[in-house]
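Fold and contact review
The chain contents come next:
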Amino acid sequence: MVEAVLIDLFSLTANLQSNIQGLLHNTLEAIEKCSSIHAPFVYVMCCQRQGSERKGEQESLLPALRGFWSLKRRLEVVCAQTTAAALYTIKQRLDEKDLSIIKIILPTLRKDLMKVYIDHLFTAVYQFEFEDLQVAPDSESLQISEHWHEGQMLPSQDMARIQSEIQMYLESLPSLKGELTILRSSLIPDDIFLHGFTTRTGGISYIPTLSSCNLFSSSKRRDPQVVVKENLRRLAKAAGFNPEAFHRVKVDHANAVCIMGKTEPGDYDGIVTDQKGVTLAAPGADCIPVLFADPVRRACGAAHSGWKGTLLGVSMATVNAMVSEYGCNMKDILVVLGPSVGPCCYRLPHESAKEFHRIDRKCVRLFDSANPYIDIRRATRILLERGGILPENIQDDSITDQNQNITFCTACHPDKFYSHFRDGTNFGTQIGFISIKD
């Protein structure tokens, strides 16, 4: 059942107000008749002309809006100077109400254009259906190529224009939840490496569990890739790396490692390089983003270590790749464990806990319970030390007496970090990143 209706009047010219009012009145009348039991939210999208006031635009539609009492509290007119701005504003309204099934009523010639905006600004969480708004051909004012016809692929210049419009709009948005904050380790020498761990502040993601510097998009979440890309652009600017030379691991919760410059595996949780200016990154939203640096051989790496990857030894697999590919000495490699869920909060079923108990009994608390508490950081440290990494070359703030500055528990700090364990399916993601300076 449709949860929201979007009426797209954006392309109609300003000198056809009476026609617009008639179209809108008839469309609202049809919606009201068809939805007497379940009244959907209705959004009317129109163009705010340069120099005009939003109130004036909205008032011009008032005659058409009067009389629709069942829709009164569920109807909103959204005026903006670009389609991207109007549609993104409506997306915010949909997300506030957790709505996902949307009908768009629009002029026929706007349909393929609108689909491009939707592909960029929405994810697979949303379902769209389209209905034609009956408009006379001479009453449309569409900015598309003159040789384009409905059903054809949009010309590349129109695709580029839409992408540019969306990007410019997102870049204009203010950062949320304060300034962008990057946590850095004193163990990794900053004269050789650029590195850090992100927190959740300083981006544009507005959904509560994703707000605000979410750095991962998926088909199951409401943050589209363009928003994540804008968050990454802001991070890159603040940190000083090139977002076009940014490589994030392709998480598989296993132990495969990608060697930069060689054939890239389909999925991998570790990545290493000795190339300057290339930024490697590993995500974390309870799982550990682990950074590796060898200041002698000038090589670095990043790994994503969840409970499965920890048991499979992804951190040592990353270390071994640095040794075999770049001739690193095990004793020179520095390892920093980033923000991740701590043993104070993280629980696993008893069968999975057994594997951690075999590594070290202290990795499990309340072992005899159905869901014991697990310390994936301790397990990671033990496996690294057994593999030859010096204990003093591993930073895990949670085992020292000093004030924590990196290895926080993500679940315990909702103001600083995202947490899948705490926030559920629509969770945000922070990253650890590292590169070799030019």
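What this report covers is the structure whose coordinates are included nearby. (Residues numbered from 1 in each chain as written. Predicted model: local features only at pLDDT ≥ 70, side-chain atom pairs only at ≥ 80, totals over all residues. Heavy atoms only, no water.)

Focus on the overall build of the protein chain
Across its full length, the protein chain carries twelve helices and 18 strands. Relative to its full complement of 438 residues, the protein chain shows a buried share of 54%. (Helix = DSSP H or I, 4+ residues; strand = E, 2+ residues; numbered from the N terminus. Buried < 20%, exposed > 50% of the residue type's maximum accessible area, 1.4 Å probe, protein only.)

Overview of the state of the cysteines
On inspection of all chains with the given rule, the structure shows zero disulfides. Here Cys 412 is not cross-linked by a disulfide; its sulfur's nearest cysteine counterpart is in Cys 345, at 3.5 Å. (Disulfide = S-S within 2.5 Å.)

Topic: the pattern of salt bridges
Two side chains bearing opposite charge may form a pair once their charged atoms approach each other closely. Summed over all chains, the structure comprises 21 salt bridges. Of the charged contacts in the structure, one is a salt bridge between Arg 161 and Glu 165, with a shortest N-O distance of 4.0 Å. Residue Arg 161 and its partner Glu 165 are located together in helix α6 (residues 156-172), separated by four residues, close to a single helical turn. Exposure remark for Glu 165: the relative accessible area of 16% places this residue in the buried category. Across the pair Asp 360 and Arg 378 runs a salt bridge whose closest N-O atoms are separated by 3.7 Å. With Asp 360 in the loop between α10 (350-359) and β15 (364-365) and Arg 378 in helix α11 (residues 376-387), this residue pair connects regions lying 18 residues apart in the sequence. You can call Arg 378 partly exposed: its relative accessible area is 22%. The network of salt bridges with common partners includes Lys 91, Asp 95, Asp 98 and Arg 222. (Salt bridge = Lys/Arg side-chain N within 4 Å of Asp/Glu carboxyl O.)

Comments concerning the sheet that holds strand β5 (residues 127-133)
Ordered by their spatial adjacency, five strands build an open sheet running β3-β2-β1-β4-β5, and the pairing between neighbours is parallel. Of all strands in the sheet, those with a lone pairing partner are β3 (75-80) and β5, marking the two edges. For this sheet, the mean angle separating the axes of adjacent strands, direction not counted, is 20°. Relative to β3, strand β2 (residues 41-47) runs parallel, the two sharing six bridges. Within β3, the position partnered with Cys 46 by the bridge is Cys 79. Helix α4 (residues 83-96) contacts β1 (4-8), β2, β3 and β4 (101-107) of the sheet and is inclined by roughly 165° relative to β2. On the sheet, helix α5 (residues 111-121) packs against β1, β2, β4 and β5 and is oriented at approximately 155° with respect to β5. (Pairing = 2+ DSSP bridges. Axes fitted to C-alpha atoms, helices over the stretch in contact; angles between N-to-C directions. Contact = heavy atoms within 4.5 Å.)

A closer look at the packing of aromatic side chains
The tally for this structure, following the rule as stated, stands at nine aromatic pairs. With centroids separated by 5.3 Å and ring planes inclined at 50°, the aromatic side chains of Phe 241 and Phe 433 adopt a geometry described as tilted. Separated by 192 residues along the polypeptide, Phe 241 in the loop between α7 (225-239) and β8 (246-248) and Phe 433 in strand β18 (residues 430-436) bring together distant segments of the chain. Overall, the relative accessible area of 8% leaves Phe 241 in the buried class. For Arg 74, the ring lying beneath its charged end belongs to Phe 41, and the centroid distance is 4.3 Å. Over the ring of Tyr 373 we find Arg 365; its NZ or CZ atom is 4.3 Å from the centre of that ring. (Phe/Tyr/Trp six-rings, centres within 6.5 Å; stacked < 30°, edge-to-face > 60°. Lys NZ or Arg CZ within 6 Å of the ring centre and 35° of its normal.)

Focus: the nonpolar core
Nonpolar side chains in soluble globular proteins tend to end up buried together. In this structure, Met 45, Leu 87, Tyr 88, Leu 94, Ile 166 and Leu 170 are the most contacted members of the largest nonpolar core, which totals 40 residues. Mapped by element, the contributors of at least two residues to this core are β1, β2, β3, α4, β4, α5, α6 and α7. The leading source of residues in this core is α4, at seven residues. In this structure, this core is formed jointly by two domains, domain 1 (4-135 + 156-172) and domain 2 (182-436), each of which donates at least three residues. The residues contacting Ile 166, other than those within four sequence positions of it, are Ala 84, Tyr 117, His 120, Leu 121 and Val 226. In this structure, Leu 337, Phe 356, Ile 394 and Cys 409 belong to the second largest nonpolar core, which totals 36 residues. (Core = buried A, V, L, I, M, F, W, Y, C linked by side-chain atoms within 4.5 Å. Domains from an automatic or database assignment.)

Describing α6
Here α6 is 17 residues long and its end C-alpha atoms lie 24 Å apart, about the 24 Å a rise of 1.5 Å per residue gives. Packed against the buried residues of α6 are α4, α5 and α7. (Expected span 1.5 Å × (residues − 1).)

Some remarks on empty space enclosed by the protein
All told, the structure shown has one cavity of 30 Å³ or more when counted by the stated rule. Its boundaries defined by the atoms lining it, the largest cavity holds a volume of some 40 Å³. What lines the largest cavity is Thr 310, Gly 313, Val 314, Ser 315, Met 316, Thr 380, Leu 383 and Leu 384. When residues of the lining of the largest cavity are traced back to their parent elements, those giving at least two are α9 (314-326) and α11. Class assignment of the residues belonging to the lining of the largest cavity gives a composition of four nonpolar, four polar and no charged. (1 Å grid on protein atoms, 1.4 Å probe; cavity = no way out; pocket = protein on both sides within 12 Å on 5 of 7 lines; lining within 4 Å. Points joined across faces, edges and corners; volume = space filled by probe spheres on them. Nonpolar A, V, L, I, M, F, W, Y, C, P; charged D, E, K, R; others polar.)

Description of unusual backbone geometry
Following Ser 211, the chain continues to Ser 212 via a peptide bond in cis, the omega torsion being 0°. Assignment of secondary structure puts Ser 212 in the loop between β7 (193-198) and α7. A positive phi angle is found at Arg 298, which is not glycine, with a value near 55°. Structurally, Arg 298 can be placed in the loop between β12 (288-294) and β13 (299-305).

Notes on α4
With 14 residues, α4 extends 20 Å between its outermost C-alpha atoms, agreeing within 8% with the 20 Å of an ideal straight helix rising 1.5 Å per residue. Where α4 is concerned, the buried positions are Thr 83, Ala 84, Ala 85, Ala 86, Leu 87, Tyr 88, Thr 89, Ile 90, Lys 91, Arg 93, Leu 94 and Asp 95. Asp 98 sits one or two positions beyond α4 and adopts a positive phi of about 60°.

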